[in-house]
Every structure is written in C-alpha cells, then in structure tokens.
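Residue-level structure breakdown
What follows is the residue order along each chain.
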Amino acid sequence: MRDVLLILLAALGGAAVVWLPGALLLRLLHRRSITLNICVLLAVTVLAMLAGVFAVAGGMFISPHDLTVLLIVVPLSGLVSLAIGWWLGRRLARSAMWAEDARAHERQVEASRRDLVAWVSHDLRTPLAGMRAMAEALEDGVVSDPATVAEYHRRIRTGTDRMAALVDDLFELSRINAGALRLSPVDVPLGEVVSDAVAAAAPLAAARRVRLVTEPGNWPLVRASEPELSRIVANLLLNAIRYTPSDGTVTVTGGRDANGGWLAVADTCGGIADTDLPRVFDVAFRGAKARTPAGDTGGGGLGLAIVRGLVEAHGGRVEVRNVAGGCRFEVRLP
C-alpha cells in the first residue's frame, strides 16, 4: 500500500510539473483558434503522462525494459492523438464559424424583417387612410360634382393598384426568402426580354420625361426562367426611371464575355451615397430620397431586394456602382 501511495504521489508530481505551465499556456491561448487549443491540450496531456512516467521510473518503480516500452508507446499514442485532435479541431472550428455566420445571418434577417414591417406599415397606412377618407366623402355625399367624383375614383383605383403591387412584391420576396421559388430555366434571348421590358416601361418614362435608350449589342442567350428574368429587368428599369430626374436618361446595355451574359442599366440620378451603396439591395431600404417620394412614384423598397434574390436564384450576381452623373446596375447570368 505504501508503494502504491508513493507511485501516485510521484505520478501527480511529475504531471503537475507539466500541467501548471500548460494550464497557463491554455489560458493565454483562450482567444485563439479552437484547433490550436485542442492540439495544445492534447500535447500537455501526453507530456504530463510522460513526466509522470519519468517520475515513477526515477523512484525505481518501473524496470528499464518497461520504461523503454512506455517511451515508445506513449509518444506514438500522443502523435496519433494530436493528429486526430487537429482533424477534430478543424471540424469544430468550421462548425463554430458556420454557427456564428448563421447567428449573424439570423440577426440580419430579423433586423430586415423589422425594417420591412415598419416600411410596409407606413406604405399601407398612408394610401388606406386617403382611400378611406375619399370613400367616406363619396358615401356621405360631401362631393357630388362629376369631376371631383371621377378624380376620387381615379385616386382610389391608383391607391388600390399601388397596394396590390406592394402585396405582389411581398409575396415574391417571401417565396425567395423561404426557398419556395421554383425556376424553369430555358435558353432565353436576353435582347427580347429587354425589348419587352423597355416597351412596358416607356409610358412611365414618357410621363416623367425620361429618355429610355437601348444600345445595340451582342445580346446573348442566357439560361434563365423567363418570367423571373423579365421581373429582374422590369424592376431595374422602374428603379432607374423613378430616381432619374426629368430630361434624364436611362441606358440599357448588354452582351457577353468570358464569364457569361451580362445586362447593365445606367441612369443619371446623380449617384448613390457611398454609405448607401452596400445597402441598396437590402429589404425595405430606399435611401434618403425615398423618405419624401413625389406623388405615387415612391416604391415599397422591395424591388432591388427582389432583383438580388432572383439573380442569385439563377446562379448569377448583381452589382451597383457609381458612374459619371449617376449609377450603373449590372447583372451577370450564366
């Protein structure tokens, strides 16, 4: 019993010689990578075991033959443990980074959701209040002359159209965010899609005295779902027209290069503030100008978010940058 106690004390003393500085080292490394911490922990454990073996061997409790065997087995086992620990540490580090990215994305989505609710509440409340007031005026006979009645009816219809468009945008965005968007990719002539979108946007551009220019180019075939591609082009055009002042120009160009097909919509809006550029495609972000929209031209702040979602669903990317006199939105598709 006395020998067992001496062996225990010797092993603890030898291990303590290694574990005390090892614990200090681990404390200093607590902000470093998970892989490094696991490898250091395993190395300290193996060295503590070796120190305990040497301490017990120094007390003549282990024969030279058994000591040789232990000095072969323990380091080899330690090397295997270090290799496995390094591999597991890498996996844990990746999992931790993924979890942190997921939490950051969740926080960003939650913030976007709050912004979206605030914007949509404002955009629905304002036209609803006006429509209710006009409907009550018509119902109570406050207005009776045909011109005013017709104007009220026109405004009610315009407000209804605006809210219907906002609901459509919300539905489209919810499908994108929920992963419920089902694409049917085919080979689509990009030039034809652009031509149709320009023709549809021409009345709005004419009403705002904005010139729509489509530059001839080598329009490519792209692999895309035609309805969603049309939505992308239409949203970019409407956004450019909305923020381009009267007598301004919106230019649509396209072509192909080594990376695939591309489409660009440039306007003369005067540019976007550098602080706003990274947020242009965020949900419900409309920039400083959108806080005082003119008439019924203000959007719901969802058009560009839908553009980004649809483009990424096609495996492409969309970017924006300032150019002389305005900004340029560029979409790249396979």
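Here, every reference points to the structure presented above.
On a predicted model such as this, the values are computed, not experimentally measured, just so you know.

**Details of the sheet that holds strand β5 (residues 260-266)**
- Taken together, the five strands give an open sheet; going across it, the order is β2-β4-β5-β7-β6, and neighbouring strands pair in mixed fashion. Two strands close off the open sheet at either side, each with one partner strand: β2 (211-214) and β6 (317-323). Put simply, the sheet's adjacent strands are angled 15° from each other on average, direction ignored.

**Concerning the environment of glycine 159**
- Turning to its location among the elements, glycine 159 is positioned in helix α4 (residues 146-177).
- For glycine 159, a relative accessible area of 10% translates into the label buried.
- A C-alpha to C-alpha distance of 9.3 Å links glycine 159 and leucine 124, two positions 35 residues apart in sequence.

**Things to note about the pattern of salt bridges**
- Evaluation of the coordinates by the stated rule reveals nine salt bridges.
- Note that aspartate 187 is salt-bridged to arginine 223, the shortest N-O span being 3.3 Å. Here aspartate 187 is found in strand β1 (residues 186-189), whereas its partner arginine 223 is found in strand β3 (residues 221-224), with 36 residues between them in sequence.
- Salt-bridge contacts for arginine 332 lead to glutamate 330; the nearest nitrogen and oxygen are separated by 3.1 Å. This pair shows no difference in class: arginine 332 is buried, exactly as glutamate 330 is.
- The structure contains a network of salt bridges with shared partners spanning Asp257, Arg328, Glu330 and Arg332.

**Remarks on empty space enclosed by the protein**
- Within the structure shown, the criterion is met by one cavity of 30 Å³ or more.
- A volume near 30 Å³ is recorded for the largest cavity.
- Along the walls of the largest cavity sit Leu190, Leu229, Ile232, Trp262, Leu263, Val331 and Leu333, which together make up its complete lining.
- Split by residue class, the lining of the largest cavity holds seven nonpolar, no polar and no charged.

**Thoughts on the state of the cysteines**
- Under the defined criterion, the tally for this structure stands at zero disulfides.
- Cysteine cysteine 269 shares no disulfide, and the gap to the nearest cysteine sulfur, in cysteine 327, comes to 3.6 Å.
- With a relative accessible area of 13%, cysteine 269 lands in the buried category.
- Relative accessible area serves as the criterion here: at 2%, cysteine 327 is assigned to the buried category.

Cut-offs and rules
Note on numbering: residues in each chain are counted from 1, in written sequence order. Under the rules for a predicted model, residues below a pLDDT of 70 receive no local features and side-chain atom pairs below 80 are neither given nor counted, while totals for whole chains, interfaces and linings still include all residues. The basis for every side-chain value is the complete set of non-hydrogen atoms in the structure, without hydrogens or water. Pairing between two strands requires that DSSP report at least two bridges joining them. A run of H or I in DSSP becomes a helix once it reaches four residues, and a run of E becomes a strand once it reaches two; helices and strands are each numbered from the N terminus. Axes here mean lines fitted to C-alpha atoms, for a helix over just the part in contact, with angles spanning 0 to 180 degrees between N-to-C directions. With a 1.4 Å probe rolled over the protein chains alone, any residue whose accessible area is under 20% of its type maximum counts as buried; one over 50% counts as exposed, and the rest are partly exposed. Counted as salt bridges are all cases of a side-chain nitrogen of Lys or Arg within 4 Å of a carboxyl oxygen of Asp or Glu. A cavity here means a set of 1 Å grid points, computed over protein atoms only, where a 1.4 Å probe fits but cannot escape. A pocket is an open set with protein on both sides within 12 Å along at least 5 of 7 lines, and lining residues have an atom within 4 Å of a point. Grid points are joined across faces, edges and corners, and a volume is the space filled by probe spheres set on the points. In this count, Pro and Cys sit with the nonpolar residues alongside Ala, Val, Leu, Ile, Met, Phe, Trp and Tyr, while Asp, Glu, Lys and Arg are called charged and the others, Gly among them, polar. Pairs of cysteine sulfur atoms within 2.5 Å are what we label disulfides.

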